[in-house]
Amino acid sequence: MQSIVRIVPTKHVVTMTELRGGKKKWNLNHLPPGTASKFTSNVVPLVKEKVGTLAPWANLSTPQLQSIIDTVYQDGSYNVEGGDVWHGLVSYRLQSWRNGFATAASSIVKELFEDQDNRGSFDTPEARHSAVQWWLDWKGQEGEETAPYLFRKCVDGEDGCRRKHGFCESPFIVHTLARAHLAFVRPQNPQDLVENLPVGALILALQAVHHALKEYEKDGYRQVDTSRNGDFSFDNYGDTTTRQCTKGGRIIDKFNPRASRWIAPVKNLKTKHWERILHDANEVLKDLSKTRRRTARSTSHASSEHDSVATIKEFILISDSDLSDDEEKNEFGNNYNPNSESEGYTGTYSAGSVNDSGNDLPDQEENNLSESVHD
């Protein structure tokens, strides 16, 4: 009896390259007709705003992106699916958005070191190295370490205790948040946002500042690691899990919350702290807008070069406590005003002025300093 072989045609699996019409990457031309303009002007800012409220290094889920697409186009006729043009273009924009934090932080540190008002403070690599060593001087219990660059005020006392105040209120972080995130989203009001504060964006800002300062950590000269180890990326700053072998021969997974360790402290910031952060950030944006207008009107290279740098407000490099405003004055001195630019300190960023047991603080303020409740 003769056997019969049945030939079943195989189903062609469409590749991503074929979906993109042979292109290696998605571009705006792949979007449905008539949607490109609103994608750039409406979708992208809303995406950045939403991702800024999520955990650092997180991406939008399909339902989250679908909600934004429906909000912008309103007709509900565009369905979002994993791996499609909407997800593809959004992922490109978010990669650029995250890179912007590193670029902004690096520019801020560079501007500080080159600012004419700081002449004499950072003229030598030794001075820059000393400053960076102080700003990145991590202290605290394992997993809860903090460094001076994270705070508006930070003083090491002669008793060995570190006094800190204004977590995430340092000009480094505020400027980075303003330039890399708030400049591209709708105005942020902490009283209106409630559950939608830019927690993830603020954490990316503090990580980016750390990344920028480390470029000067070796000897005071900027040294950029051009390898993948030098990238401001999830691989280098996101949470990791590594497999290790114990002395007894057991294999265990060790979790390192490099990014998520900051979620609880940032979420626990009170409204008054967010108000200070966002107020200072909005002031940064106003200053940047003014300098851009002056630069546009300027006709000389020298004037343009001078106006290109926004003023970086000084700060004392003391954890946000749960103190009331009156208690804060008792803690840091009667002249303390959390909304003032200099916090009663008349020095600059020089490492000595903040690392020498706080000796440049006014006597009354120094005498009234006591250890903060928590970081």
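Remember, predicted model here, so these are calculated numbers, not experimental data.

Conventions used here
- Residues numbered from 1 in each chain as written.
- Predicted model: local features only at pLDDT ≥ 70, side-chain atom pairs only at ≥ 80, totals over all residues.
- Heavy atoms only, no water.
- Helix = DSSP H or I, 4+ residues; strand = E, 2+ residues; numbered from the N terminus.
- Buried < 20%, exposed > 50% of the residue type's maximum accessible area, 1.4 Å probe, protein only.
- Areas by Shrake-Rupley, 256 points an atom, 1.4 Å probe, with all protein chains shown as cover.
- Core = buried A, V, L, I, M, F, W, Y, C linked by side-chain atoms within 4.5 Å.
- Expected span 1.5 Å × (residues − 1).
- Arc of directions from axis to C-beta.
- Contact = heavy atoms within 4.5 Å.
- Phe/Tyr/Trp six-rings, centres within 6.5 Å; stacked < 30°, edge-to-face > 60°.
- Lys NZ or Arg CZ within 6 Å of the ring centre and 35° of its normal.
- Salt bridge = Lys/Arg side-chain N within 4 Å of Asp/Glu carboxyl O.
- Pairing = 2+ DSSP bridges.

Some words on the overall build of the chain
So, step 1. Across its full length, the chain carries 15 helices and four strands.
So, step 2. Burial analysis of the chain (375 residues in total) assigns 44% to the buried set.
So, step 3. Here the chain has roughly 20500 Å² of accessible surface; of this, 48% comes from carbon and sulfur atoms.

Regarding the nonpolar core
So, step 1. In this structure, W86, W135 and Y149 are the most contacted members of the largest nonpolar core, which totals 78 residues.
So, step 2. Here this core takes 14 residues from helix 4 (residues 85–114), the largest share from any one element.

Quick look at helix 3 (residues 62–73)
So, step 1. If you check helix 3, its first and last C-alpha atoms are 16 Å apart, about what 12 residues at 1.5 Å a residue would give, namely 16 Å.
So, step 2. Turning to helix 3, its buried residues are L65, Q66, I68, I69, V72 and Y73. Here the buried residues of helix 3 occupy an arc of 160° about the axis, which is enough to place them on one side.
So, step 3. Contact partners of the buried residues in helix 3: helix 2 (36–51) and helix 4.
So, step 4. Directly beyond the C-terminal end of helix 3, a positive phi value near 65° is found at Q74.

Concerning the packing of aromatic side chains
So, step 1. By the definition in use, this model includes 16 aromatic pairs.
So, step 2. Judged by centre distance (5.2 Å) and plane angle (50°), the ring pair of F232 and Y237 falls under tilted.
So, step 3. By relative accessible area, F232 is classed as buried at 8%.
So, step 4. Grouped by ring-pair contacts, the aromatic residues F113, F122, W135, F172 and Y216 constitute a single cluster.
So, step 5. The ring of W262 has R261 lying over it, and the distance from NZ or CZ to the ring centre is 4.0 Å.

Considerations on unusual backbone geometry
So, step 1. Backbone geometry places W57, a non-glycine residue, at a positive phi of 75°.
So, step 2. Within the secondary structure, W57 is located in the loop between helix 2 and helix 3.
So, step 3. The residue C168 is not glycine, and still its phi comes out positive at about 65°.
So, step 4. Within the fold, C168 resides in the loop between strand 2 (162–167) and helix 6 (171–180).
So, step 5. In this structure C168 comes out as buried when scored by relative accessible area, which is 0%.

Overview of the pattern of salt bridges
Between side chains of opposite charge, a pair can form when the charged atoms approach closely.
So, step 1. Summed over all chains, the structure comprises 14 salt bridges.
So, step 2. Between K110 and E114 there is a salt bridge whose closest N-O contact spans 3.2 Å. Of this pair, K110 and E114 both sit in helix 4, four residues apart, which is roughly one turn of that helix.
So, step 3. Salt-bridge contacts for D156 lead to K139; the nearest nitrogen and oxygen are separated by 3.6 Å.

Quick word on the pairing of strand 2
So, step 1. The buried fraction of strand 2 amounts to six of the six residues, a majority that puts the element mostly inside the structure.
So, step 2. In terms of strand pairing, strand 1 (residues 151–156) meets strand 2 through five bridges, oriented antiparallel. Bridging from a neighbouring strand, K153 pairs with H165 of strand 2.
So, step 3. With antiparallel pairing between neighbouring strands as the criterion, strand 1 and strand 2 make up a hairpin whose turn holds five residues, including G160 at a positive phi of roughly 90°.

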